[in-house]
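Geometric and topological summary
Each chain, written out:
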Amino acid sequence: MAIDLEAMGIGGKSSIFQAGPHPLAVESFASVAKYPSGLIIAQDLFSSGVIKSATDFQVYREVAGLSGLDFAYTDNGAVYHTKNDKLELLKSGSLQHLGENMLAFLLQIAPSSHLSKGKVMDDDRQSNQDTAVFFDILGQYMVVYRQRFANMLHNSVIMQSLLIWTTSLLMGGYTAAFSLVLSCLSIILMWIFSISFSALVALILPLISSSPVPYVSTPWLVVGLFAAPAFLGALTGQHLGYLVLQRYLSNVYAKRKQLSPVIQADLIKLETERWLYKAGSLQWLVLLIIGTYYKIGSSYVALVWLVPPAFAYGLLEATLTPVRLPKPLKLATLLMGLAIPILVSAGIFIRFANTIIGLSVRFDRNPGDTPEWLPSVALSFFIAVVICLTLVYLLSYIHLSGAKTSIVLSTCIFFVLSLAAVFSGIIPPFTEDTARAVNVVHVVDTTGRLGEKPNSFVSLSSITPGKLTKEIDQIKEGFVCGRHKVIDFVTFSVKYGCLTFDETEGGWNESDIPALDVVNDTNGYKRITQVVIDTKRSKRWFLAINTEEIEDFMFKVDSKEVVPADGKSSVDGWHIIQVSGGKNAPTRFDLTLFWAKNSTRQSHKMQGQEELQRPLLKLRTDLDKLTPKAERVLKKLPPWCSLFGKSTSPHTLSFLSSLPVKF
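Residues numbered from 1 in each chain as written. Predicted model: local features only at pLDDT ≥ 70, side-chain atom pairs only at ≥ 80, totals over all residues. Heavy atoms only, no water.

Attention now moves to the state of the cysteines. Within this structure, the stated rule accounts for one disulfide. The residue that forms a disulfide with C481 is C498, at a sulfur-sulfur distance of 1.9 Å. When the S-S torsion is 95 degrees, as for the bridge of C481 with C498, the disulfide is right-handed. Of this pair, C481 sits in strand 8 (residues 480–482) while C498 sits in strand 11 (residues 497–500); the two residues are 17 residues apart in sequence, bridging distant segments of the chain. You can call C481 partly exposed: its relative accessible area is 28%. (Disulfide = S-S within 2.5 Å. Helix = DSSP H or I, 4+ residues; strand = E, 2+ residues; numbered from the N terminus. Buried < 20%, exposed > 50% of the residue type's maximum accessible area, 1.4 Å probe, protein only.)

What follows is about the UniProt feature "transmembrane region" (unreviewed entry) in the chain. In the numbering used here, UniProt assigns the feature "transmembrane region" (unreviewed entry) to residues 162–181, 188–208, 220–245, 332–353, 373–395 and 407–427. Secondary structure across residues 220–245 divides into 96% helix and 0% strand, with the first and last C-alpha atoms of the span separated by 36 Å. (UniProt positions renumbered as here; feature names shortened; annotations may be inferred.)

Pairing is antiparallel in the open sheet, where five strands are placed in the order 12-13-18-15-16. Bordering the open sheet on either side are strand 12 (515–523) and strand 16 (560–563), each of which pairs with just one other strand. Averaged over all pairs of adjacent strands, the angle between strand axes in this sheet comes to 25 degrees, irrespective of strand direction. (Pairing = 2+ DSSP bridges. Axes fitted to C-alpha atoms, helices over the stretch in contact; angles between N-to-C directions.)

Turning our eyes to something else, we now look at the UniProt feature "domain: Peptidase M28" (unreviewed entry) in the chain. This chain's UniProt record puts "domain: Peptidase M28" (unreviewed entry) on residues 2–105. Taken as a whole, residues 2–105 contains 38% helix and 18% strand, while its terminal C-alpha atoms sit 13 Å from one another.

Predicted confidence across the chain gives a mean pLDDT of 90, with 94% of residues reaching 70 or more. No element of the chain has a lower mean pLDDT than helix 5 (residues 122–126), which averages 45, and none a higher one than helix 11 (residues 374–390), which averages 97. Scored below 50 in pLDDT, residues 121–127 shows five contacts in the model against residues more than four places distant or in partner chains. Here residues 603–611 is a poorly scored stretch, pLDDT under 50, and it has three contacts once near neighbours within four places are set aside; other chains count. (pLDDT = per-residue confidence, 0-100. Contact = heavy atoms within 4.5 Å.)

Moving on to the sheet that holds strand 1 (residues 2–7). With respect to topology, three strands assemble into an open sheet ordered 1-3-2, the strand pairing being mixed. Across the chains shown, the open sheet's two edge strands, defined by having one partner strand only, are strand 1 and strand 2 (14–20). Sheet twist, expressed as the mean angle between neighbouring strand axes with direction ignored, is 20 degrees.

Below, the discussion takes up a nonpolar patch on the surface. A cluster of nonpolar side chains, contributed by V286, L287, I290, Y293, Y294 and I296, occupies part of the molecular surface with about 600 Å² of accessible area. Examined against the element boundaries, Y293 turns out to sit in helix 8 (residues 261–293). (Patch = residues over 30% accessible without salt bridge, like charges linked within 9 Å, V, L, I, M, F, W, Y side chains within 5 Å. Areas by Shrake-Rupley, 256 points an atom, 1.4 Å probe, with all protein chains shown as cover. Salt bridge = Lys/Arg side-chain N within 4 Å of Asp/Glu carboxyl O.)

It is worth spelling out helix 6 (residues 147–208) at this point. Between its first and last C-alpha, helix 6 extends only 48 Å over 62 residues, short of the 92 Å set by a 1.5 Å rise per residue. Within helix 6, the axis deviates most sharply at G173, by approximately 125 degrees. (Expected span 1.5 Å × (residues − 1). Bend = angle between axes of the 7 residues up to and from the residue.)

Bringing the pairing of strand 13 (residues 527–534) into the picture now. Strand 13 sits mainly inside the fold: six of its eight residues count as buried. With eight bridges connecting them, strand 12 and strand 13 associate as antiparallel partners. Paired with N523 across the two strands is R527, which belongs to strand 13. One ladder, built from seven bridges, connects strand 13 with strand 18 (residues 588–595); its direction is antiparallel.

Take the environment of Y215 next. Within the element layout of this structure, Y215 appears in the loop between helix 6 and helix 7 (221–254). Exposure remark for Y215: the relative accessible area of 0% places this residue in the buried category. Note: C-alpha distance between Y215 and S376 (161 residues apart in sequence) is 9.4 Å. For Y215, the residues in contact, after removing those within four places along its chain, are L205, L221, V222, L225, F226, I357, S360, P375, S376 and L379. Polar side-chain contacts of Y215 include one of 3.0 Å to the side chain of S376. (Polar contact = N/O pair within 3.5 Å; in protein donor to acceptor, adjacent residues only side chain to side chain.)

Here we come to the packing of helix 6 against helix 8. Two elements in contact, helix 6 and helix 8, have axes whose closest approach is 8 Å; the angle formed by their N-to-C orientations is 120 degrees. By the angle between their directions, the pair helix 6 and helix 8 is classed as oblique. In this structure, the crossing between helix 6 and helix 8 has a hand that is left-handed. Its residues assigned to classes, the contact of helix 6 with helix 8 shows 18 nonpolar, 10 polar and one charged. (Parallel < 35°, antiparallel > 145°, perpendicular 65-115°, else oblique. Left-handed = near helix turned anticlockwise from the far one by under 90°. Nonpolar A, V, L, I, M, F, W, Y, C, P; charged D, E, K, R; others polar.)

In the structure shown here, the tally under the stated rule is 22 salt bridges. Notably, a salt bridge pairs R436 with E471, separated by 3.3 Å at the nearest N-O pair. Taken together, the residues span a long stretch of sequence, with R436 in strand 6 (residues 436–445) and E471 in helix 14 (residues 469–475) at a distance of 35 residues. Linking E548 and R614 is a salt bridge whose minimum nitrogen-to-oxygen distance equals 3.5 Å. On the criterion of sequence distance, the pair formed by E548 in the loop between strand 14 (540–546) and strand 15 (550–557) and R614 in the loop between strand 18 and strand 19 (617–623) is long-range, its members being 66 residues apart.

See the structure below:
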């Protein structure tokens, strides 16, 4: 069994976010952990590919075939992979939480006779029937059950719900059916207006703030910036649907002459209110059907938001006779119906909102490649979805409430105050502890300059969306920002950044420039090229091989095959080799390239197209060395900026080299 202790932030609870494929581990953990914490919804997001990341646990699960658990801290995600990821931010309570849970779990599982003796079979890994559905309730109790039981439970609830709806519509006739259609229209309008209002604010933020993500240092701002307009939009959309449904019911009741106009008007409003409440349960039923069909573990969220509100309505409000006149919805119905759903899922939504806010600091993996408003739009969309899903029952009460005006007015005031705080700069987007992620690199570029003098400059870029104007105003040092030059660091590209060429000739040696030397090139039945790679003093380097030209290759170190010739994978037409060696690691490598039959080198292309061709090889070597220019820039770096670093990030001195296709 593999147990992985990860982090996507620092502090908070250490929660399970991946488990399995066999449920033994998570079942054992849930039975003994003192403060269990885990969400299968995170596992669903990872497996769906929405989260473009990987953990060590996936290696043990996918390569070694082991089952197990993957834990992670997620609080304060904005400091992840930055210089601000400091030990003092990790509270002792977080370590105690992890320690108590892990010790109890290991004492339980280590002597178990049920541990696997070998690999998990592929059939078992692919089957969803025996996996576990898991979630915690307030960090005090963990619910775990098998996917097979989940399928049975969900299908039972779905069948009963459909039976109740069918019976209700048959008893109500055409009027009930058309009322259902119009109440569904209110749901659609609610979603449209809520998402639109919230997304509009996200699009406006870059125009009124110094940063397109002004809420990073103060996460509660998203309540005023996005949740408030999402709530107003949801209420507006549902109210429009309410008016349409009310008008239809007015025409229906007009045919009933036995009621006075005053009583009739009140009954129409009450009937409309009830249809809006019932439409809320219908949207959760649809989500439950979809989740059950695709065997999505987090479908339990739809289950808990469907069953308790429907049960409360059936117990306190529903009647089997259409003769009985509608009455105002009871407050007890709302309290009874929402108590369990809020208890089970409130933590999920809050944690995921915090995670998205943390991700916005490192959202732009290729600086300048994505619109700067995109992270705010993504966050606003998530918040609007949560508002529409969870407040649909509550909103149905507001239309007839005497507090409607005060609720709308209070929400508007809260929104305006939040917007004013951002516009005025009273609340800074970044602070010294929660800073913007930047990279400062002295680059020596020899790509495309065979025999020419290397191009030397210092690059300042940020994976946090937004312009670097404010930072450059403080640093000076001759920086010019823009998109005029794309810097290819092999593992990523900088499409928007700031460069300075002033006083950048010192602090590095030409003897450190890596070499890509072609030592043999034969063109027989199959073209084969041998290249010697010399990384000089660098023990940390990255090589990209153009898979549009090369169909296979061998990579050797001291005549030993490290990467054998066997169909290679590629991303965007590149196969990337990443090496990080120790003090005595080798620096010379042999690369044998097997050309593709349809390579552009062997085809007859126009000379004018040669400049547009991608290189055959790209190489970046890193040295952990500060040049005088880079050191001055780092000293002048504003306090709200923090250096970003992960396994693919460049060090403070990088050499770029390449080998063209037509060498």
